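Letter by letter, the chains look like this.
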Amino acid sequence: MARFEATVSAPVNIACINASCVSRNPATVLILFQCAHRYWGKRNTALILPTNSSLSVTLSQDHLRSTTTSSTSEGYEQGDRLWLNGKEEEITKGGRTEVCLAALRKWRREVEEKDSTAAKMSEWPLRIASFNNFPTAAGLASSASGLAALVYSVSQLYVLPQTPSQLSLIARQGSGSACRSLFGGFVAWEMGQRDDGADSLAVQVAERDHWPEMHALICVVSDAKKGTSSTSGMQKTVATSTLLQHRINHVVPDRMSEISRAIAAKDFNGFASITMRDSNSFHAVCLDTAPPIFYLNDVSRAIIAVVEEMNRASLASGGGLLAAYTFDAGPNAVIYALEENMPMIVSTINEFFPQTLDFPDPFNMLAAATAATSARPQGFNNSVVREGGWEKGAVSRLIHTCVGDGPRRLSDEEGLLTVEGVPKTLA
Ligand code: ADE
């Protein structure tokens, strides 16, 4: 019985310009948004169409990744099946996974129609198993890497001719930010204008190798009480925030071009100032929502204070910006910095925010730190931090990574499914 499989891994991405308002509601729900400050328009939320373009850095799969095997066989029992981290998940009718699989099958059917010798895979059941190598408790959204890996693995299985940008149209409908995880390096999600979403897709702004010195330190901040879910929060923001209208019409479009220019020129000052200002603009819009949405907590704000003080002291002594913080819909900070400044940043965060979980230190920042490499800029004012630093666990763990490549095709030896189409490892 014919059987085919493809195993891939896909990366996590972290936005520098936030896609502040995407929605995943059923097709019947329409959101209002002001289009090009001329009129109020409508966008269909089932298609996950954002109200503004966004830009992210793809993080290295050496540290954070989703690995997915997709397989199909005419011998499998009817019905598609999916396992996440060894546990079977229902593929709900009209749900995000089903929408992606239906779109991929449609493209496979086109291949089969053009080539009568191609296996009729579009008619066969699928078996998909996926693992995230980072725990959900790390507070990182796994849906971006997870849905990108799902779409990329099925596209490899089906030998689809579509480009990564075309695949991003499908990944977007699985989870908005997943569209950006189909590329490595620096990636824009162009919001597009069309009602059917056919131009709302990801494009690469620069390759990983253009600026490999770009590093990221993820500070996982404990979030005892979970606030608003990001999806319902975004809907409330679209419906009530007047500041959002200013952001999407007058702020984000210029920042998209400025940050693209900064990336092309490897201008860290430009990149960092836009990233921090955009994170603050996004959280201002959250606060402008009725009722207000608070994603940042005291620890998040303390991290902002430390980074701002590092930058202030560096500028005051004739240097440039050293680091940029960004926060999405949660309290975790991601600090971008050039590799050369990371020993100081890692040791500073480590000192002020002692963690509960051991820091793996993959780049040997602490082990190789010297008084010179870990010295904070002259004039750094320690009093921006609570006396004695924060209690252990306010930041539960640190993950140090860097800009990385796009989805990778892996060998069949790394496959997650048996020949019967069930996971080799169950939870
Ligand atoms: N959602 C979250 N993680 C996922 C994964 N690895 N694969 C598919 N969907 C996901």
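Residues numbered from 1 in each chain as written. Predicted model: local features only at pLDDT ≥ 70, side-chain atom pairs only at ≥ 80, totals over all residues. Heavy atoms only, no water.

Peer 1: Would you mind showing me how to read the overall build of the protein here?
Peer 2: Counting its regular elements, the protein contains eight helices and 16 strands. Taking 427 residues into account, the globule formula puts the C-alpha radius of gyration at 22 Å, and the protein, at 22 Å, falls close to it. The dimensions of the protein, computed from C-alpha atoms along their principal axes, are 70 × 55 × 40 Å. The contacts of the protein with a sequence gap of at least 6 include a subset with a gap of at least 24, amounting to 78%. If you sum the accessible surface of the protein, you get close to 18,100 Å²; carbon and sulfur atoms cover 52% of it. (Helix = DSSP H or I, 4+ residues; strand = E, 2+ residues; numbered from the N terminus. Rg over C-alpha atoms; globule rule 2.2 N^0.38 Å. Contact = heavy atoms within 4.5 Å. Areas by Shrake-Rupley, 256 points an atom, 1.4 Å probe, with all protein chains shown as cover.)

Peer 1: Explain the pattern of salt bridges to me, please; I cannot follow it from the model alone.
Peer 2: Taken as a whole and judged by the stated rule, the model has 18 salt bridges. Between Lys266 and Glu213 there is a salt bridge, with its nearest N and O atoms 3.7 Å apart. Of this pair, Lys266 sits in the loop between helix 5 (242–264) and helix 6 (268–287) while Glu213 sits in the loop between strand 11 (201–206) and strand 12 (214–221), and the two are 53 residues apart along the sequence. Relative accessible area serves as the criterion here: at 38%, Lys266 is assigned to the partly exposed category. The salt bridge involving Asp267 is made with Arg261; its shortest N-O contact spans 3.2 Å. A cluster of three or more residues bridged by salt bridges with shared partners is formed by Asp62, Asp405 and Arg408. (Salt bridge = Lys/Arg side-chain N within 4 Å of Asp/Glu carboxyl O. Buried < 20%, exposed > 50% of the residue type's maximum accessible area, 1.4 Å probe, protein only.)

Peer 1: Is there a simple way to explain the domain arrangement of the protein in this structure?
Peer 2: Many analyses report the size of an interface as the accessible area lost when the parts associate. Looking at the protein, the domain boundaries give domain 1 (3–209 + 407–414) and domain 2 (214–402). A straight line from the C-alpha centre of domain 1 to that of domain 2 covers 27 Å. Of the residues lining the interface, 38 residues belong to domain 1; the matching set on domain 2 comes to 39 residues. Overall, the association of domain 1 and domain 2 removes approximately 3,100 Å² of surface from exposure, summing both partners, and the carbon and sulfur fraction of that is 67%. On the domain 1 side of the contact with domain 2, Cys16, Ile17 and Asn18 bury the most area, a combined 18% of that side's loss. For the interface between domain 1 and domain 2, the tally reads zero salt bridges. Seen at the junction of domain 1 and domain 2, the total is six residue pairs in polar contact (both at pLDDT 80 or more). Looking at the side of domain 1 that touches domain 2, the elements with two or more residues in it are strand 2 (13–17), strand 3 (30–35), strand 5 (54–58), strand 10 (186–190) and strand 11. (Domains from an automatic or database assignment. Buried area = accessible area lost by both parts, 1.4 Å probe. Polar contact = N/O pair within 3.5 Å; in protein donor to acceptor, adjacent residues only side chain to side chain.)

Peer 1: I tried to follow the site of the ligand on my own but got confused; where do I start?
Peer 2: Around the ligand, the structure places Ser66, Leu84, Arg96, Ser130, Asn132, Ser142, Gly146 and Leu147. At 2.8 Å, a side-chain N or O of Asn132 approaches a nitrogen atom of the ligand. Here the ligand loses 91% of its free accessible area of 260 Å² to cover by the protein chains. Looking at the shell around the ligand residue by residue, the class counts come to two nonpolar, five polar and one charged. (Near = heavy atom within 4 Å. Nonpolar A, V, L, I, M, F, W, Y, C, P; charged D, E, K, R; others polar.)

Peer 1: Looking at this structure, how should I read the sheet that holds strand 11?
Peer 2: Either a parallel or an antiparallel arrangement is found when strands of a sheet pair, and the pairing is made through backbone hydrogen bonds. Taken together, four strands build an open sheet; the order of strands is 2-5-10-11 and the sheet is antiparallel. If you trace the sheet from one side to the other, it starts and ends with strand 2 and strand 11, each paired once. Each adjacent strand pair in this sheet contributes to an overall mean axis angle of 35°, direction not counted. Summarising the sheet, strand 2 and strand 5 pair through four bridges and their orientation is antiparallel. Opposite Ala15, over in strand 5, you have Ser56 as the bridge partner. Running over the sheet, helix 6 touches strand 2, strand 5 and strand 10 and is turned about 90° from strand 2. (Pairing = 2+ DSSP bridges. Axes fitted to C-alpha atoms, helices over the stretch in contact; angles between N-to-C directions.)

Peer 1: In this structure, what is going on with the environment of Thr67? I would like to understand it.
Peer 2: Looking at the element boundaries, Thr67 is found in strand 6 (residues 65–73). For Thr67, a relative accessible area of 13% corresponds to the buried category. It is 37 Å that separates the C-alpha atoms of Thr67 and Thr370, two residues lying 303 residues apart in sequence. With residues near it in sequence (within four places) discarded, Thr67 still touches Thr7, Val8, Ser9, Ala129, Ser130, Phe131, Leu410 and Leu416.

Peer 1: Please clarify how the packing of aromatic side chains should be interpreted in this entry.
Peer 2: One pair of aromatic rings is described through two measures. These are the centre distance and the angle between the planes. Applying the stated criterion across every chain, the model contains nine aromatic pairs. With 6.0 Å between their ring centres and 35° between their planes, Phe268 and Phe271 make a pair best called tilted. Taken as a pair, Phe268 and Phe271 lie in helix 6 at a separation of three residues, close to a single helical turn. Phe271 shares its class with Phe268; the two are buried. Judged by centre distance (6.3 Å) and plane angle (15°), the rings of Phe352 and Phe380 are stacked. With Phe352 in helix 8 (residues 342–352) and Phe380 in the loop between helix 8 and strand 15 (395–402), this pair connects stretches of sequence that are 28 residues apart. (Phe/Tyr/Trp six-rings, centres within 6.5 Å; stacked < 30°, edge-to-face > 60°.)

Peer 1: Is there a simple way to think about unusual backbone geometry in this case?
Peer 2: Here the bond from Ala290 into Pro291 is cis, since omega is -10°, no more than 30 degrees from zero. Checked against the element boundaries, Pro291 lands in the loop between helix 6 and helix 7 (298–316). Although it is not a glycine, Ile48 sits at a positive phi angle of roughly 55°. One can find Ile48 in the loop between strand 4 (39–44) and strand 5.

Peer 1: What is the right way to look at helix 7 in this model?
Peer 2: Three- or four-residue spacings in an α-helix give side chains the same orientation, since the helix completes a turn every 3.6 residues. Compared with the 27 Å implied by 1.5 Å per residue over 19 residues, the 26 Å span of helix 7 between its first and last C-alpha is a close match. The complete set of buried residues in helix 7 reads Val299, Ser300, Ala302, Ile303, Ile304, Val306, Val307, Glu309, Met310, Asn311, Ala313 and Ser314. The elements touched by buried residues of helix 7 are strand 12, helix 6, strand 13 (324–326), strand 14 (333–338), helix 8 and strand 15. Its side-chain oxygen placed 3.0 Å from the backbone nitrogen of Val299, Asn297 serves as the N-cap of helix 7. Residue Gly318 follows helix 7 closely and has a positive phi angle near 90°. (Expected span 1.5 Å × (residues − 1).)

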